[in-house]
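# Remarks on the overall topology
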Amino acid sequence: MKERLKELELEAIEKINQASELKELNEVRVSFLGKKGPITEVLRGMGKLSVEERPVIGALANEVRTAIAEKIDEKQKILEAELVQRKLASETIDVTLPGRRVNIGNHHPLTKVVEEIEDLFIGLGYTVAEGPEVETDYYNFEALNLPKGHPARDMQDSFYITEELLMRTHTSPVQARTMEKHGGKGPVKIICPGKVFRRDNDDATHSHQFMQIEGLVVDENIRMSDLKGTLEVFAKKMFGEDREIRLRPSFFPFTEPSVEMDISCKICGGKGCNVCKGTGWIEILGAGMVHPRVLEMSGFDSKKYTGFAFGMGAERIAMLKYGIDDIRHFYTNDIRFLKQFLPTDR
Ligand code: PHE
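Description of the structure in this document. (Residues numbered from 1 in each chain as written. Predicted model: local features only at pLDDT ≥ 70, side-chain atom pairs only at ≥ 80, totals over all residues. Heavy atoms only, no water.)

### Side note on the pattern of salt bridges
In plain terms, the rule: By salt bridge we mean one thing: a side-chain nitrogen of Lys or Arg within 4 Å of a carboxyl oxygen of Asp or Glu. Each helix is a run of H or I in the DSSP string that is no shorter than four residues. Each strand is a run of E no shorter than two, and both are numbered from the N terminus.
Summed over the entire model, instances satisfying the criterion amount to 14 salt bridges. Glu9 is paired through a salt bridge with Lys6; the nearest N and O atoms lie 4.0 Å apart. Highlighted residues: Glu9 and Lys6, both in helix α1 (residues 2-18), separated by 3 residues, approximately one helical turn. Linked through salt bridges whose partners overlap, the residues forming this network are Asp137, Glu142, Lys148 and Glu164.

### Quick look at helix α8 (residues 224-239)
This is how the line gets drawn: To estimate how far a helix should extend, the number of its residues minus one is multiplied by 1.5 Å. Buried residues are those whose accessible area, probed at 1.4 Å on protein chains only, stays under 20% of the maximum for their type, while exposed residues exceed 50% and partly exposed ones sit between those limits. Here a residue-residue contact requires only that any non-hydrogen atoms of the pair lie within 4.5 Å.
Over its 16 residues, α8 extends 22 Å from the first C-alpha to the last, a length consistent with the 22 Å expected when each residue adds 1.5 Å. Within α8, the full set of buried residues consists of Leu227, Thr230, Leu231, Phe234, Ala235, Lys236, Met238 and Phe239. Contact partners of the buried residues in α8: α5 (109-123), β6 (245-252), β7 (255-264), β8 (281-290), β9 (306-313) and α10 (314-322). Positive backbone phi, at 120 degrees, marks Gly240, one or two positions downstream of α8.

### Re the environment of Ile117
Residue position: Ile117 is located in helix α5. Sequence separation of Ile117 and Lys75 is 42 residues, and the distance between their C-alpha atoms is 75 Å. Once you skip the residues sitting within four places of it in the chain, Ile117 turns out to touch Ile213, Phe234, Met238, Met312 and Ile317.

### Focus: the sheet that holds strand β4 (residues 188-197)
In plain terms, the rule: The pairing criterion is simple: DSSP has to find at least two bridges between the two strands.
One open sheet accounts for 7 strands, arranged β1-β4-β5-β9-β8-β7-β6; its pairing is mixed. Of all the strands in the sheet, just β1 (127-128) and β6 have a single pairing partner and so form its edges. Here β6 pairs with β7 via 7 bridges, running antiparallel. Across the sheet, the residue bridging to Leu247 is Met261, located in β7.

### With respect to the site of the ligand
Cut-off, in case you're wondering: Neighbouring residues are identified by heavy atoms, a residue being near a molecule or strand if any of them is within 4 Å of it. Polar contacts here mean pairs of N or O atoms no more than 3.5 Å apart (in protein, one a potential hydrogen donor and the other a potential acceptor; neighbouring residues in sequence count only if both atoms are side-chain atoms). Every definition here rests on a 1 Å grid over the protein atoms only: cavities are sets of points where a 1.4 Å probe fits but cannot get out, pockets are open sets enclosed by protein on both sides within 12 Å along at least five of seven lines, and lining residues have some atom within 4 Å of a point. In this description, a molecule resides in a pocket or cavity if more than half of its atoms sit within 2 Å of the grid points defining it. Here the nonpolar group is Ala, Val, Leu, Ile, Met, Phe, Trp, Tyr, Cys and Pro; Asp, Glu, Lys and Arg are the charged ones; every other residue, Gly included, is treated as polar.
Residues in close proximity to the ligand total 15 residues, the closest being His170, Ser172, Arg198, Gln212 and Gly311. Interatomic distance of 3.0 Å between a side-chain N/O atom of His170 and a nitrogen atom of the ligand. In this structure, an oxygen atom belonging to the ligand sits 2.9 Å away from a side-chain N or O atom of Arg198. Structurally, the ligand is housed in the largest pocket. Contributing elements (two or more residues each) for the shell around the ligand: β5 (209-219), β8 and β9. With 3 residues, the top contributor of residues to the shell around the ligand is β9. Residue classes in the shell around the ligand are distributed as 5 nonpolar, 8 polar and 2 charged.

### Topic: the side chain of Lys236
Take Lys236: it is sitting in helix α8. With residues near it in sequence (within four places) discarded, Lys236 still touches Glu241 and Arg243.

### With respect to the packing of α5 against α8
Applied cut-off: Axis lines are fitted to C-alpha atoms, over the contacting stretch for helices. Their N-to-C directions set the angle, which ranges from 0 to 180 degrees. Geometric relationships in this document are graded by angle, where less than 35 degrees denotes roughly parallel, more than 145 denotes roughly antiparallel, 65 to 115 denotes roughly perpendicular, and other angles denote oblique. Left-handed describes a crossing whose near helix is turned anticlockwise from the far helix through less than a right angle; right-handed describes the clockwise counterpart.
Packing of α5 against α8 brings their axes to within 11 Å, and their N-to-C directions diverge by 135 degrees. As far as their axial angle goes, α8 and α5 are oblique. Considering the relative orientation of α5 and α8, their crossing is right-handed. Within the contact between the two elements, α5 uses Val113, Glu116, Ile117, Leu120 and Phe121 and α8 uses Thr230, Phe234, Lys237 and Met238. In terms of residue class, the contact of α5 with α8 is made up of 6 nonpolar, 1 polar and 2 charged.

See below:
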């Protein structure tokens, strides 16, 4: 029996050494130390032994069992440590690998300019107004003092849908719509960006669809100097404090007097170059004091109220601000163009 126990111990040690997985090791444990294992069997057979032999074999059997159990525990620790090592190795991250570049979108340059202008006027107490792109003849022309047959309607060749409906040719109809909503009571202070449509042939400076930004202020005691001051603040904020403005007399049926505003040319500093066509000035918007008839038609008492309005092309402002030479760049979605307006850190 002694022999058998010694043999078992050696056998077990060999199996333990061979086990390379925790699962295998567990099988060794069950097969040698389990209830149906050979050691239990030896202990069971002790009844047949003599009284002297019994304690000796019993003690030896316990020794062998303890020795095997210890060996198994030792090996288990080793295998467990190996497992952890393997896991760590398979999960390591190489922090020196270059990262994957994420393409982040950006606002279109036109959107940027429109938002910048909106913010500027919101800062001056204006609210943003909107109106429909498909407009009635009444709001696009009549309510702006352009009755049917008025020669100034020729200025804006229009896309008509029916006799009475057209794609708006400017954002000025929003003036009339907003004033109507106010029910003859001031103050009105709005800025209105939006798409407008004209039957122009597209070229570097013309587009049949473009973006306008309209401004309107109506209240008691609004004067031409308020218009001038507002436009000056706008021009300097948009193009730089060193820019000068100048107002030239002009004509719009819905303003009286009417002006066009120029800003001094930054490129030549006023001396004359091709950007300003040799004049030293660049035209950027139309404006004027709201015509009394326009106030009256939209329900305002023109004896009590006065107002000013202005309208500009957003593309033109963006072109001057960013030095863009062709209006078509805004609409063709060439990624090489758009990428030039990404923040510099990307
Ligand atoms: N609506 C005019 C245009 O499209 C611009 C303008 C707006 C002029 C408001 C005066 C006042 O040309």
